[in-house]
Amino acid sequence: MHDDRRLIEGRLRRTLQRIEGAVWSAPVPVDLGRWDAPGEPVPVEEGLAAPYAAAQVNDRWGPPWGTTWWRVRATVPDTHAGRPVDLRLDLGFDPLRTGFHVEGLVYRADGTPVKGLNPRNQWVRVTDEAKGGEEVELFVESASNPLLLGGGGFDFTPSPLGEKETAGSEPLYSVVRAELAVFEQEVWELQQDLEVLGQLASELPGSDPRQWQLLRAIDRAFDVLDTSDISGSASAARAQLAGVLADPARASAHRISAVGHAHIDSAWLWPVRETVRKVARTSSNVLALMDEHPELVYAMSSAQQFAWLRDHRPEVWAGVVERVREGRFVPVGGMWVESDTNMPGGEALARQLNHGKRFFLDEFGIETREVWLPDSFGYTAALPQLIALSASQWFLTQKISWNTTNRFPHHSFRWEGLDGTRIFTHFPPADTYGSEVSGAEVAHAARNFSDKGDVTRSLLPFGWGDGGGGPTREMLARAARLKDLDGSARVEIERPDAFFEQAQAEYPHAPVWVGELYLEMHRGTYTSQAKTKQGNRRSEHLLREAELWASTATVRTGAAYPLEELDRIWKVVLLQQFHDILPGSSIGWVHREAVANYEAVAGELTAIIEGAQAALAGDGDVDVAFNASPHPRGGVAALGGGPRAADLAEVEVAAEGDGWVLSNGLVRAVVDARGLLTSVVDTTTGREALAPGAAGNLLQLHPDTPVDFDAWDVDAYYRRTWTDLTDASSLSAVDGGVRVVRHFGESTVTQLVTLTPGEARVDVDTEVDWREREKILKAGFDLDVTTERSTAEVQFGHVQRPTHTNTSWDAAKFEICAHRWVHVGEPGYGAAVVNDSTYGHDVTRRDRDGGGTTTQVRLSLLRAPQSPDPVADLGVHRLRYAVVPGAGIADAIREGYRINLPLRTVPGSGAVVEPLVTVSEGSAVVEAVKLADDGSGDVVVRLYESLGSRSSATVLAGFEFGGVEAVDLLERPLPTPGVEAVDGGVGLALRPFQVVTLRFTR
């Protein structure tokens, strides 16, 4: 037999084009009306009642971020009688940009939602069996969202379209089609048959006889297909394909659990207000599809998105509730949003799970069991323990498949976190969380699956995301044909929990991955949009203070606890932690709103704090200091208040040559004529912290032009080119230190290098008027320690990472995320760099004058990416960081809290405010003190072992209580070994980095 494969494949491509054009027949135009909503989107009832003007095909419409309502009226012609009829409405869709520009939601005249309109879903079923003369009236709310991806896929070029004020008002789109047409069911079925068989054949090797069986069947089908009468000959063509479609899959075929899904970013290339509508459109699509396809199971994550439906689209919400009760519309994820997990604090991650799971329990009575984060940019080692503490069992992600250096070795495995907790985890091997159920994706999943031989199944989320409408009938048709088909993996539509139960049972001794899931990409997200990150850090600590002092005031004075207010504020902060908001990878509109939200939150929380502290301080004019830190400070107890110690040594500032010497009895620091730290000595040991001939607080400017994703990435080559900013425009003494002013490019930086009485660190308060573009600003400290690893704070503990590049895994971690501190040390000595709002860092080894190596710790202060926000980070920023000489890990932890939780002083009686709880000396650290979520008034205390060692702790309550028990993150009883009642509190035996939540019944 001659090899005519290419000829058949070409015939398939050409014929499929003809078949696609025959899926609808007998089109007739409709009467189209149009109303352009002024400003922001309007309620549905207002859009339905609007004054519509005549419109027609080819009309231009849609200024950036606008809303246009369309009214469609038509009369079904007699020729369509007895046939299924669809409205086909193309508002200017680009099928290659699904989810990123035009979208619509179809309504009936009574306001009932019908389904969404999207680039791959441009039809609406009018009737299954038309009646001649039948009147049709439908309304469409359409969004003219601008396309911000550029012309070549993810081609992020700078654009003014990301802000409404700079986007202009010129129409972006044209109406391409508006008609009623007969849907040719058999032609469409033929199209699905051919696409599935053709895609499968293209994935099989030429040595497999099955490929030739498929190609020959396709060839025979075309021999009987009359391209001049496709609808009349479609059945005959399908008959030629029936045999190969009936051949069952091989016994060894990989099994794929397919679940309908639509990954909808809660903000990204659109503002939050548009996501509310995206969720409604997609959910409407899914509900309509479920009416026709009882096999469809759809998983939707993010309690926030469900809440938006409930609060803003009750007409869609009602349908969702019904399908959730049937078990077909499945809440997954257990989190308030699909959060970033690198930068949210430990308590914030706990609240993501608390608020997410609580929502699903309250609204549906469902205990979600999986944490669903397909697209976040790396995953903290703290997460497995928090997943378990939220009564969840499984974790799913996809993003690690984006690694640019090393291929992750597993697709199903047990992920071990900081404390040793292990969670069954799955990466779908199709390398997508928005599959079309194509032959290529199904074949890739089977080939790519790392754990074959031990395991037979993987999961495949399918559906157009980001407002693309979710699953389609074409995807369901492919899944049905691939359910049991020779040459393919078996595809079964299933709920996610069904997959996880089977996969875990099949792989009880799955391999273990220990520690963080570091994404070898998107490292710039630790730094982009500094004001968003600063707002997050500040909000987290203000929430800590507000809950602590409000709880203390309630217990001590009977003041009302602002439970509902704090609940609402937490949800605002949790939303901003979405994985394209906090990482800084959204359009300017999103970040402008985030900063405004943080400012509002700060005002509300400050009022709560001040009110509670005033109640606790009492009447008088004696200063009372409040210490929200978990460590004593300035004579004030941890988590309590009282007069500050008065015997703190003052800071001395003396000129020395062209520079200055600063001393407070604990630290002696030298600032030279360049404004750089040239000496930092811990006076208790006399050891110099800085390397010989090196400097501290050295600002360095690098070019920052990543290859692919501006706001997301910093690429390793940036480190090869830099400018040391060593020219000081002015240098002057101030109270407690030195002011240094520098000018570079179009920017100005003013720094206060100071010591604080009684504090063993050197503070740097930096104000930058940042006007650079495509640059990254670093602040470095060359520390005189030799070490192969750095230690960085993460949620509820810390991780160690290499400072060398021995392996490709080591080299890939050239930019790392840390929370409040980074520590480097050698036996007997170390130093820490702490900060109040910076997450990006790099730690490297350098040659030491006189031999050996030193360690450079640098903070990534600011970036200036051009896309998707062309003015990202431009403006004035204030950042604080400090170097702590002679620090151990415990010192780093203490100073990290202190720089983020300054003492607050208010006038009062001068009496001591006793803490609600005290913890015995040791490594246990209190992270939260609050009243219970259920309004009972019980006191909830969350703490963790902070040093990575086995430890014991005694937690004593400073109030009358009836009982105490360990609880989970939703504050439900939890059997915890090592918890023992003692007089006045509880004794704990803690494993390394263990998190424990205690509930004291009042």
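These numbers were taken from a predicted model, which means no experiment stands behind them.

A.B. asks: What is the right way to read the side chain of His798 from this model?
C.D. replies: With respect to the secondary-structure elements, His798 resides in strand E38 (residues 797–802). Among the polar contacts made by the side chain of His798, one reaches the main-chain carbonyl oxygen of Ser946 at a distance of 3.4 Å. Among residues more than four places away in sequence, those in contact with His798 are Leu418, Thr791, Ala792, Glu793, Trp821, Ile889, Ser946, Leu947, Gly948 and Phe993.

A.B. asks: Got a minute to help me understand the pattern of salt bridges in this structure?
C.D. replies: One side chain can pair with another of opposite charge once the charged atoms of both are near each other. Tallying each qualifying case throughout the model produces 86 salt bridges. With its nearest N and O atoms 2.5 Å apart, the salt bridge here joins Asp291 to Arg323. Taken together, the residues span a long stretch of sequence, with Asp291 in helix H6 (residues 272–292) and Arg323 in helix H8 (residues 314–326) at a distance of 32 residues. Given the relative accessible area of 52%, Asp291 is considered exposed. Residue Arg323 is classed as buried on the basis of its relative accessible area of 13%. Residues Asp782 and Arg846 are paired through a salt bridge, measuring 3.2 Å at the closest nitrogen-oxygen approach.

A.B. asks: How should I be thinking about the side chain of Asp580 in this particular structure?
C.D. replies: In this fold, Asp580 is placed in the loop between helix H15 (563–576) and helix H16 (588–617). Lacking a salt bridge, the buried Asp580 has Lys399 as its closest oppositely charged neighbour, with an N-O distance of 7.5 Å. At 2.5 Å, the side chain of Asp580 and the side chain of Ser585 are in polar contact. Other than its neighbours up to four places away in sequence, Asp580 contacts Asp265, Ala267, Trp268, Phe377, Ser585, Ser586, His591 and Trp712.

A.B. asks: Help me out: how do you make sense of the sheet that holds strand E52 (residues 985–990) in this one?
C.D. replies: Strand order in this open sheet of four strands is E46-E49-E52-E51, and the pairing throughout is antiparallel. Every interior strand has two partners, whereas the edge strands, strand E46 (917–919) and strand E51 (979–982), have only one. Each strand axis lies, on average, 20 degrees off the axis of its neighbour in the sheet, ignoring direction. Summarising the sheet, strand E49 (residues 951–957) and E52 pair through six bridges and their orientation is antiparallel. Within E52, the position partnered with Ser952 by the bridge is Ala989.

A.B. asks: Before we go on, may I ask you to explain H6 in this structure?
C.D. replies: An α-helix turns once per 3.6 residues; consequently, residues spaced three or four apart project the same way. An ideal rise of 1.5 Å per residue puts 30 Å on 21 residues; H6 measures up with 31 Å between its terminal C-alpha atoms. The buried fraction of H6 amounts to 18 of the 21 residues, a majority that puts the element mostly inside the structure.

A.B. asks: How should I be thinking about the packing of helix H7 (residues 303–312) against H8 in this particular structure?
C.D. replies: Two quantities define a packed helix pair, namely the angle between the axes and the distance from one axis to the other. At their nearest, the axes of H7 and H8 sit 6 Å apart, and the two run at 125 degrees to each other. If you check the angle between H7 and H8, you find them oblique. Read as a crossing pair, H7 and H8 show a hand that is left-handed. Of H8, the residues touching H7 (which contributes Phe306, Leu309, Arg310 and His312) are Pro314, Val316, Trp317 and Val320. Of the residues that constitute the contact of H7 with H8, the class distribution is six nonpolar, one polar and one charged.

A.B. asks: Explain the packing of aromatic side chains to me, please; I cannot follow it from the model alone.
C.D. replies: The geometry of an aromatic ring pair is captured by two quantities: the separation of the ring centres and the angle between the planes. Summed over all chains, the structure comprises 37 aromatic pairs. Between the aromatic rings of Phe359 and Phe360, the centroid separation amounts to 5.8 Å while the plane-to-plane angle is 80 degrees, which identifies the pairing as edge-to-face. This pair shows no difference in class: Phe359 is buried, exactly as Phe360 is. An aromatic cluster of at least three residues, connected via ring pairs, comprises Tyr298, Phe306, Trp317, Phe329, Trp336, Phe359, Phe360 and Phe364. The lysine or arginine in question, Arg820, covers the ring of Tyr897, its NZ or CZ lying 4.0 Å from the ring centre.

A.B. asks: Would you mind going over the environment of Arg13 with me for this structure?
C.D. replies: Counting through the fold element by element, Arg13 comes out in helix H1 (residues 5–21). Remark: the alpha-carbon pair of Arg13 and Glu195, spanning 182 residues in sequence, is separated by 9.4 Å.

A.B. asks: When you look at H15 in this model, what are you seeing that I'm missing?
C.D. replies: The end-to-end C-alpha distance of H15 is 20 Å, a good match for the 20 Å that 14 residues give at a rise of 1.5 Å each. Elements in contact with the buried residues of H15: H6, H7, helix H9 (346–364), helix H14 (530–557) and H16.

A.B. asks: I'm lost on the pairing of strand E8 (residues 113–117) in this one. Help?
C.D. replies: Remember that side chains alternate between the two faces of the sheet whenever the strand is regular. Burial analysis of E8 places five of its five residues in the buried class, which makes it a mostly covered element. The sheet contact formed by strand E7 (residues 102–107) and E8 spans four bridges and is antiparallel. Paired with Tyr107 across the strands is Pro113, a residue of E8. What sits between the antiparallel neighbours E7 and E8 is a turn of five residues, in which Gly111 has the positive phi angle 90 degrees.

A.B. asks: Please explain the environment of Leu874 as it appears in this structure.
C.D. replies: Tracing the chain through its elements places Leu874 in the loop between strand E43 (853–862) and strand E44 (875–885). Linking Leu874 and Pro171, residues 703 residues apart in sequence, is a C-alpha distance of 29 Å. Apart from residues lying up to four places away in sequence, Leu874 is in contact with Trp770, Arg771, Glu772 and Arg773.

A.B. asks: How should I be thinking about the pairing of E43 in this particular structure?
C.D. replies: Within E43, ten of the ten residues are buried, leaving the element largely enclosed by the surrounding structure. With seven bridges joining them, strand E36 (residues 775–783) and E43 adopt antiparallel strand pairing. What sits directly across from Gly780, in E43, is Arg858. The antiparallel pairing of strand E42 (residues 840–847) with E43 creates a hairpin that spans five residues between the two strands, and Gly850 there sits at a positive phi of about 90 degrees.

A.B. asks: Explain the sheet that holds strand E32 (residues 730–734) here, please?
C.D. replies: As a general point, the strands of a sheet are linked pairwise by backbone hydrogen bonds and lie either parallel or antiparallel. If you walk across this open sheet you meet the nine strands as E32-E33-E34-E35-E44-E41-E40-E37-E38, and the pairing is antiparallel. Strands at the two margins of the open sheet, each flanked by one partner only, are E32 and E38. Ignoring which end each strand starts from, the neighbouring axes of this sheet average 20 degrees apart. Note: E32 against strand E33 (residues 737–744), five bridges, orientation antiparallel. When the sheet's bridge partners are listed, Ser732 is paired in E33 with Arg739.

A.B. asks: Sorry if this is basic, but what is going on with unusual backbone geometry here?
C.D. replies: For the bond running from Ser867 to Pro868, omega is 10 degrees, close enough to zero to count as cis. By secondary structure assignment, the location of Pro868 is in the loop between E43 and E44. Positive phi is not limited to glycine here, since Ala26 has a value of about 50 degrees. Locating Ala26 in the fold gives a position in strand E1 (residues 24–29).

A.B. asks: Where do I start with the nonpolar core in this structure?
C.D. replies: A general feature of soluble globular proteins is that nonpolar side chains tend to end up buried together. Within the largest apolar cluster, 216 residues are counted, with the highest numbers of intra-cluster contacts made by Phe329 and Phe395. It is H16 that contributes the most residues to this core, twelve residues altogether. In contact with Phe395, other than residues within four places in its own chain, are Val371, Leu373, Tyr379, Leu383, Ile387, Trp415, Ile423, Phe424, Thr425, His426, Phe500 and Leu517. Among the nonpolar cores identified, the runner-up in size contains 45 residues, and Leu690, Leu725, Phe744 and Ala831 belong to it.

Analysis parameters
- Residues numbered from 1 in each chain as written.
- Predicted model: local features only at pLDDT ≥ 70, side-chain atom pairs only at ≥ 80, totals over all residues.
- Heavy atoms only, no water.
- Helix = DSSP H or I, 4+ residues; strand = E, 2+ residues; numbered from the N terminus.
- Polar contact = N/O pair within 3.5 Å; in protein donor to acceptor, adjacent residues only side chain to side chain.
- Contact = heavy atoms within 4.5 Å.
- Salt bridge = Lys/Arg side-chain N within 4 Å of Asp/Glu carboxyl O.
- Buried < 20%, exposed > 50% of the residue type's maximum accessible area, 1.4 Å probe, protein only.
- Lys, Arg positive; Asp, Glu negative; His and termini not counted.
- Pairing = 2+ DSSP bridges.
- Axes fitted to C-alpha atoms, helices over the stretch in contact; angles between N-to-C directions.
- Expected span 1.5 Å × (residues − 1).
- Parallel < 35°, antiparallel > 145°, perpendicular 65-115°, else oblique.
- Left-handed = near helix turned anticlockwise from the far one by under 90°.
- Nonpolar A, V, L, I, M, F, W, Y, C, P; charged D, E, K, R; others polar.
- Phe/Tyr/Trp six-rings, centres within 6.5 Å; stacked < 30°, edge-to-face > 60°.
- Lys NZ or Arg CZ within 6 Å of the ring centre and 35° of its normal.
- Core = buried A, V, L, I, M, F, W, Y, C linked by side-chain atoms within 4.5 Å.

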